[in-house]
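# Notes for the structure review
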Amino acid sequence: MGPMRQTGSTCATGSRRAAVGAVCGALAVISLAGCGTSGHGKPAAHARTDDTRPRHTPSKRIPGVGDRLWDRIPADSRQVVVVYGAGRNSPDSAVALFGKHGSVWKQERSWSGHNGRRGWTTDHHEGDQRSPVGVFTLTDAGGVNAAPDARLPYTRSAAFQAPHYWKKSSWHDFDYVIAIDYNRVKGTAPNDPTRPLGQSKGGGIWLHVDHGGGTSACVSQSASDMRYLLRTLDPKAHPVVVMGDREDLKA
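Notes on the structure in this doc start here.

What counts as what
Residues numbered from 1 in each chain as written. Predicted model: local features only at pLDDT ≥ 70, side-chain atom pairs only at ≥ 80, totals over all residues. Heavy atoms only, no water. Helix = DSSP H or I, 4+ residues; strand = E, 2+ residues; numbered from the N terminus. Buried < 20%, exposed > 50% of the residue type's maximum accessible area, 1.4 Å probe, protein only. Contact = heavy atoms within 4.5 Å. Areas by Shrake-Rupley, 256 points an atom, 1.4 Å probe, with all protein chains shown as cover. 1 Å grid on protein atoms, 1.4 Å probe; cavity = no way out; pocket = protein on both sides within 12 Å on 5 of 7 lines; lining within 4 Å. Points joined across faces, edges and corners; volume = space filled by probe spheres on them. Nonpolar A, V, L, I, M, F, W, Y, C, P; charged D, E, K, R; others polar. Pairing = 2+ DSSP bridges. Core = buried A, V, L, I, M, F, W, Y, C linked by side-chain atoms within 4.5 Å. Phe/Tyr/Trp six-rings, centres within 6.5 Å; stacked < 30°, edge-to-face > 60°. Lys NZ or Arg CZ within 6 Å of the ring centre and 35° of its normal.

## So, the overall build of the protein chain
Scanning the protein chain for helices and strands turns up four helices and 13 strands. The burial tally for the protein chain puts 55% of its 251 residues in the buried class. Put simply, 65% of the contacts in the protein chain that link residues at least 6 apart link residues at least 24 apart. Surface accessibility of the protein chain: about 10,700 Å² in total, with carbon and sulfur atoms responsible for 52%.

Here it is in structure tokens:
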């Protein structure tokens, strides 16, 4: 099991409400039905929302990923989660995990999932209800529940609990989460509110448990698939997620 950040599974009501405000779309000033929260900080001039470095060494390819995104997969990454969005404006997606064996990428597993309820965007902004297209590192995890032998650093806390004034189908969305490193500080808990690119660029974008439909910007899959990812993603393999609608992915 990877290192666990214990932030406390029991919290005072006031502190819990404050913490939930940073959780995947829970701020009262924006939509309460999914992911993509606001944060703090000023936008950096011409800042990239894609935090990975271009890869310079040749390798056999992962299906459906074109040159634009392929070149941004870091050379040392040996695990890649690919989210294949069904369409630019669709909330439906297929998810697959690929592992690198020598110079060959092998698909380890695939499953169905959901993305932003309005689809995808290459210029994500807070509240647009679209998931950002890009290549992002996966460095931190957490959730309401205990880590199922997670390898990534894992923060367990009741602060991840979705408010019970949300639809009941969403109450378990954040039982397990993996932070997508879009507009966040790596090495912090997924619900850390810091937004290096500024509040307008959104944040709090995670892999999390599916509730049967689109999200506000996150990618969701079943609880069993989330447990599989938590057991499998290894910091030593420098995992990343490549995500977008199929047309943007193959560009």
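## Things to note about the layout of surface pockets
A water-sized probe rolled over the atoms picks out the places where empty space is left. A volume near 170 Å³ is recorded for the second largest pocket. Lining the second largest pocket, in full, are P74, D76, S77, T137, L138, T139, P235, H238, P239 and V240. For the lining of the second largest pocket, the residue count by class is five nonpolar, four polar and one charged.

## Re the environment of K186
As for its placement among the helices and strands, K186 is situated in the loop between strand 10 (177-179) and strand 11 (206-209). For the pair K186 and D140, spaced 46 residues apart in the sequence, the C-alpha separation amounts to 7.2 Å.

## Digging into the pairing of strand 2 (residues 79-85)
Summarising burial for strand 2: seven of the seven residues are buried, a large majority. A two-sided burial pattern is seen for strand 2, the buried positions comprising Q79, V81, V83 and G85 on one face and V80, V82 and Y84 on the other. Both strand 2 and strand 3 (residues 92-101) contribute to a ladder of seven bridges, which runs antiparallel. Pairing of V82 across the sheet is with A96, part of strand 3. Following strand 2, the chain reverses through six residues before pairing antiparallel with strand 3. As paired strands, strand 2 and strand 13 (residues 240-245) are joined by six bridges and run parallel to one another. From the neighbouring strand, V81 faces strand 13, where its bridge partner is V241.

## Concerning the nonpolar core
Ranked by size, the top nonpolar core spans 45 residues in total, and within it I62, V82, I178, I180 and V242 carry the most contacts. When contributions to this core are tallied by element, the ones reaching two or more residues are helix 2 (67-70), strand 2, strand 3, strand 4 (104-114), strand 7 (134-137), strand 11, helix 3 (223-232) and strand 13. Residue contributions to this core peak at five residues, all from strand 2. Other than its neighbours up to four places away in sequence, I178 contacts L138, D140, A141, L152, W206, L207, M226, L229, L230 and L233. Counting residues in each nonpolar core, the second largest holds nine residues, with V144, F160, W166 and A179 among its members.

## Here's the deal with the environment of P235
Position of P235 among the secondary structure elements: in the loop between helix 3 and strand 13. For the pair formed by P235 and R78, sequence separation is 157 residues and the distance between their alpha carbons is 9.9 Å. Ignoring sequence-local partners within four residues, the contact set of P235 consists of R151, L152 and P153.

## Quick word on the packing of aromatic side chains
Enumeration over the complete set of coordinates arrives at six aromatic pairs. When the ring of W166 is compared with that of F174, the centres are 5.8 Å apart and the planes differ by 80°; the resulting orientation is edge-to-face. Residues W166 and F174 agree in their burial class; the two are buried. The cationic tip of R109 hangs over the ring face of Y228; the distance from NZ or CZ to the ring centre is 4.2 Å.

## Thoughts on unusual backbone geometry
Its identity as a non-glycine residue notwithstanding, Q129 has a phi of 60°, on the positive side. Of note, Q129 is situated in the loop between strand 5 (120-121) and strand 6 (131-132). For Q129, a relative accessible area of 15% translates into the label buried. Of note in the backbone geometry, D149 takes a positive phi value of approximately 60° without being a glycine. Relative to the elements of secondary structure, D149 occurs in the loop between strand 8 (141-143) and strand 9 (154-157).

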